[in-house]
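Next come the chains, spelled out residue by residue.
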Amino acid sequence: MKLKDKVALITGGSVGIGRATAMLFAAEGAKVAVNSQSAKGGTVAQEINDTGGDAIFVQGKVENPDDARRMVDDTVEAYGRIDILFNNAGIVLPGRIDNTSVDDWDRMMAVNTRGVFLVSKFTVLQMKKQGGGVIIHNASIAAVKGLKDRVGYTASKGAVWAMTKAMAIDYIRENIRVNCVNPGTTLTPSLEQRLQAFDDPDTARQQFIDRQPMGRLGTPQEIAAAVLYLAHDDSAFVTGASINIDGGLTA
């Protein structure tokens, strides 16, 4: 029960890393506000409640200022505070500079970067009132390593990595720690969907595996375990840091 009596808001909590983190946090005693833009987040919240946990569903788009404010307000209304924010919501669209459309670029910047800014903005205001908290961003190894055909995604996640350090310095005296995780290739529903878009999904899957020095893909649960470490007081001396969880890809 590492997070007993803590309140956590998790964006993009309906599938993959977000879902795994929501379930882990609940198992460790946290009250969890599960966000997603679709109704799927409600299923995760219900599953937590059905297994003895305490969760609510806060639907909304992180890139929308009104939605971002409301998901924070609804969490505080339900539980009185926010101790942990996990900015997990994100999208991946392929492309290089010459073939990435302006719409795709703007969409990734909106969800991956603007969304982190907005939800953090309103959460920080609450954390300052209550005397502190922990913010964890889900960036990517793309923030620190060039990935082929991912220029817009890389730019958006590089911004998140930079924001992590800036926010950590800005709020260090207000007892707000800010860190990020940089997952490597992780077997999530989003990745499965992208693999199926290839002409030969099995070959594409093997190519993703082959580039991993460890010889396999990561799991959402492995990423969630690192997020738990950063959320817990075990990491009380850690701020402005990024943890690469990538099977050795950046080694």
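Novice: So what exactly am I meant to see when it comes to the overall build of the protein here?
Specialist: Within the protein, the secondary structure is distributed over eight helices and seven strands. The C-alpha atoms of the protein give 17 Å as radius of gyration, which agrees with the globular expectation for 251 residues (18 Å, within 12%). A principal-axis box enclosing the C-alpha atoms of the protein has dimensions of 50 × 40 × 35 Å. Of the contacts made within the protein by residues no fewer than 6 positions apart, 70% connect residues no fewer than 24 positions apart. Within the protein, the 28 negative side-chain charges are centred at a point lying 4 Å from the centre of the 27 positive side-chain charges.

Novice: Where do I start with helix H4 (residues 102–130) in this structure?
Specialist: Note that an α-helix has 3.6 residues per turn; residues three or four places apart therefore point the same way. The end-to-end C-alpha separation of H4 is 40 Å, in line with the 42 Å expected for 29 residues at 1.5 Å each. A positive phi of about 100 degrees marks Gly 131, the residue just after H4.

Novice: Would you take a moment to explain helix H8 (residues 220–231) for this structure?
Specialist: Across its 12 residues, H8 extends 16 Å between first and last C-alpha, which sits within 8% of the 16 Å expected from 1.5 Å per residue. At its buried positions, H8 is contacted by helix H1 (16–27), strand S4 (84–87), strand S5 (133–138), strand S6 (176–183) and strand S7 (242–245).

Novice: Explanation requested: the packing of aromatic side chains in the structure shown.
Specialist: Where two aromatic rings form a pair, the distance of their centres and the angle of their planes describe that pair. Using the criterion set out here, one finds one aromatic pair in the structure. Seen from their ring centres, Phe 198 and Phe 208 are 6.5 Å apart, and the 80 degrees between their planes marks the pair as edge-to-face. Highlighted residues: Phe 198 in the loop between helix H6 (189–196) and helix H7 (201–210) and Phe 208 in helix H7, separated in sequence by 10 residues. Directly above the ring of Trp 161 sits Lys 165, whose terminal nitrogen or CZ lies 4.2 Å from the centroid.

Novice: Before we go on, may I ask you to explain the side chain of Glu 63 in this structure?
Specialist: Note that Glu 63 resides in the loop between strand S3 (54–59) and helix H3 (65–79). Sequence-distant contacts of Glu 63, defined by excluding residues within four places in its chain, comprise Arg 107, Ala 110, Val 111, Arg 114, Gly 115 and Leu 118.

Novice: What am I meant to see in the packing of H1 against H8 here?
Specialist: A pair of packed helices is characterised by two quantities: the angle between their axes and the separation of those axes. Contact pair H1 / H8: the axes reach a minimum separation of 8 Å and the direction vectors enclose 55 degrees. Between H1 and H8, the crossing angle belongs to the class labelled oblique. For the pair H1 and H8, the crossing hand works out as right-handed. The segment H1 lies against H8, with Gly 16, Ile 17, Ala 20, Thr 21, Leu 24 and Phe 25 engaging Pro 220, Gln 221, Ile 223, Ala 224, Ala 225, Val 227, Leu 228 and Ala 231. Taken together, the residues that form the contact of H1 with H8 break down as 11 nonpolar, three polar and no charged.

Novice: Explanation requested: the pattern of salt bridges in the structure shown.
Specialist: Oppositely charged side chains may form a pair once their charged atoms are brought near each other. A complete count under the given rule lists nine salt bridges for this structure. For Asp 74, the salt bridge goes to Arg 70, with nearest N and O atoms at 3.9 Å. Of this pair, Asp 74 and Arg 70 both sit in helix H3, separated by four residues, roughly a single helical turn. Its relative accessible area of 27% is what places Asp 74 among the partly exposed residues. Between Asp 98 and Arg 96 there is a salt bridge, and its shortest N-O distance comes to 3.1 Å. Salt bridges here are not isolated pairs; linked through shared partners, they connect Asp 67, Arg 70 and Asp 74.

Novice: In this structure, what is going on with the pairing of S5? I would like to understand it.
Specialist: Strand residues, when the strand is regular, have side chains that alternate between the two faces of the sheet. The element S5 is largely enclosed, with a buried count of six among its six residues. Taking every second residue as pointing to the same face, both faces of S5 are buried, with Gly 133, Ile 135 and His 137 on one and Val 134, Ile 136 and Asn 138 on the other. Alignment of S4 against S5, held across four bridges, turns out to be parallel. Bridging across to S5, Leu 85 finds its partner in Ile 135. A crossover connection joins S4 to the parallel S5 through H4; in handedness this β-α-β unit is right-handed. Where S5 lies against S6, six bridges are found, and the strand directions are parallel. Looking at the pairing, Gly 133 lines up with Ile 176 of S6. A crossover links S5 with its parallel partner S6, the connecting element being helix H5 (residues 151–170), and its sense is right-handed.

Conventions we followed
- The numbers attached to residues start from 1 for each chain and follow its sequence in the written order.
- Since the coordinates come from a predicted model, pLDDT governs what is reported: local features require at least 70, and pairs of side-chain atoms require 80 or more to be given and counted, while whole-chain, interface and lining totals use all residues.
- By convention in this description, side-chain values take in all heavy atoms of the structure and omit both hydrogens and water.
- Elements are defined by DSSP. Helices are runs of H or I of four residues or more, strands are runs of E of two residues or more, and each kind is numbered from the N terminus.
- Here the globule rule is a power law, 2.2 Å times the number of residues to the power 0.38, and the radius of gyration is based on C-alpha atoms.
- The contact definition used throughout considers only heavy atoms, calling two residues in contact when any of these lie within 4.5 Å.
- Charge counting treats Lys and Arg as positive and Asp and Glu as negative, with His and both chain ends excluded.
- To locate a charge, take NZ of a lysine, CZ of an arginine, CG of an aspartate or CD of a glutamate.
- Here the expected length of a helix is defined as 1.5 Å per residue gap, with one fewer gap than residues.
- Only rings of Phe, Tyr and Trp enter the pairing, Trp through its six-membered ring, and a pair is recorded when the two centres are within 6.5 Å. The plane angle decides the type: under 30 degrees is stacked, over 60 is edge-to-face, the rest tilted.
- Two thresholds decide whether a charge sits over a ring: the Lys NZ or Arg CZ must be within 6 Å of the ring centre and within 35 degrees of the ring normal.
- Orientation is described by lines fitted to C-alpha atoms, with helices fitted over the stretch in contact, and by angles between N-to-C directions that extend from 0 to 180 degrees.
- In what follows, roughly perpendicular refers to angles from 65 to 115 degrees, roughly parallel to angles under 35, roughly antiparallel to angles over 145, and oblique to any angle outside these ranges.
- In this scheme the handedness of a crossing depends on how the near helix is turned from the far one: anticlockwise by less than a right angle means left-handed, clockwise means right-handed.
- Note that Gly is not counted as nonpolar here; it falls among the polar residues with everything else outside the nonpolar set of Ala, Val, Leu, Ile, Met, Phe, Trp, Tyr, Cys and Pro and the charged set of Asp, Glu, Lys and Arg.
- A pair is scored as a salt bridge if a Lys or Arg side-chain nitrogen falls within 4 Å of a carboxyl oxygen belonging to Asp or Glu.
- The cut-offs for exposure are 20% and 50% of the maximum accessible area for each residue type, with area from a 1.4 Å probe on protein chains only; residues under the lower value are buried, those over the upper are exposed, and the others partly exposed.
- Pairing between strands is defined by DSSP: at least two bridges between the two strands are required.
- Assignment of crossover handedness uses the view with strands pointing away from the viewer, where a clockwise path from the first strand over the helix to the second indicates a right-handed crossover.

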